[in-house]
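# Observations on the model geometry
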Amino acid sequence: RGFGQGLMEDLRTKLPWYASDFKDGLQLKAVITVLYLFWGALANAVAFGSLLGDNTDGYMGATETLMATAVLGMLYPLLCGQPLTIMGATGPIAAYIIALKTLGEAAGVKFLPLYAWSGIVLSGCMFLASMFSFSNAIRKLTRFT
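Model, not experiment: these values are computed from the prediction.

Thresholds applied
Residues numbered from 1 in each chain as written. Predicted model: local features only at pLDDT ≥ 70, side-chain atom pairs only at ≥ 80, totals over all residues. Heavy atoms only, no water. Helix = DSSP H or I, 4+ residues; strand = E, 2+ residues; numbered from the N terminus. Rg over C-alpha atoms; globule rule 2.2 N^0.38 Å. Buried < 20%, exposed > 50% of the residue type's maximum accessible area, 1.4 Å probe, protein only. Contact = heavy atoms within 4.5 Å. Lys, Arg positive; Asp, Glu negative; His and termini not counted. Charge placed at Lys NZ, Arg CZ, Asp CG, Glu CD. Phe/Tyr/Trp six-rings, centres within 6.5 Å; stacked < 30°, edge-to-face > 60°.

## Focus on the overall build of the chain
- Helix and strand counts for the chain come out as 7 helices and 0 strands.
- Listing each helix as α and each strand as β along the chain from the N terminus yields α-α-α-α-α-α-α.
- In terms of overall dimensions, the chain is more spread out than a globule: its C-alpha atoms have a radius of gyration of 18 Å, far above the 15 Å expected for 145 residues.
- For the chain, the C-alpha atoms occupy an extent of roughly 50 × 40 × 30 Å along the three principal directions.
- Looking at the 145 residues of the chain, the share that counts as buried comes to 16%.
- Taking all contacts inside the chain whose residues are at least 6 apart in sequence as the whole, residues at least 24 apart take part in 53%.
- One way to put it: in the chain the 10 positive side-chain charges average out to a point 14 Å from where the 8 negative ones average out.

Right, here's the structure in full:
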């Protein structure tokens, strides 16, 4: 597809449902589900935040993980149209951050700038992938889609 065509198609498809998503989110069943997921995400953020705090010399810890989980948990569903995606630290993400810290120490590079630049580069790659609809290439790799 051409540049941005997949994004425009997604917007045309999801925009009519955007207002009803907010209305449906106020139903009792949805509120109970959100509260359940909140406690799960909170426990996850504290656990992985403590792990990161120990392994990054305090550069990242439970406070930062809680804040990131809270902010991304509100922004991502609003901007990306995926309300059921749980944002937060996971085992692979924690392992990546710890490995990046170790790599930075070995290379003599400060951890936080290295972490920030890796996020910026990845954001650029993801932006280009979304603008050119690279996710459609999965059809060429597997017969299960």
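## What to know about the packing of aromatic side chains
- As enumerated under the stated definition, the model contains 7 aromatic pairs in all.
- Ring centres of tyrosine 18 and phenylalanine 22 lie 5.4 Å apart, and the angle between their planes is 75°; this geometry places the pair in the edge-to-face category. Separated by 4 residues within a single helix, tyrosine 18 and phenylalanine 22 lie in helix α2 (residues 18-24), roughly one turn from each other.
- An aromatic cluster of three or more residues is present, and its members are Phe3, Phe127, Phe132 and Phe134.

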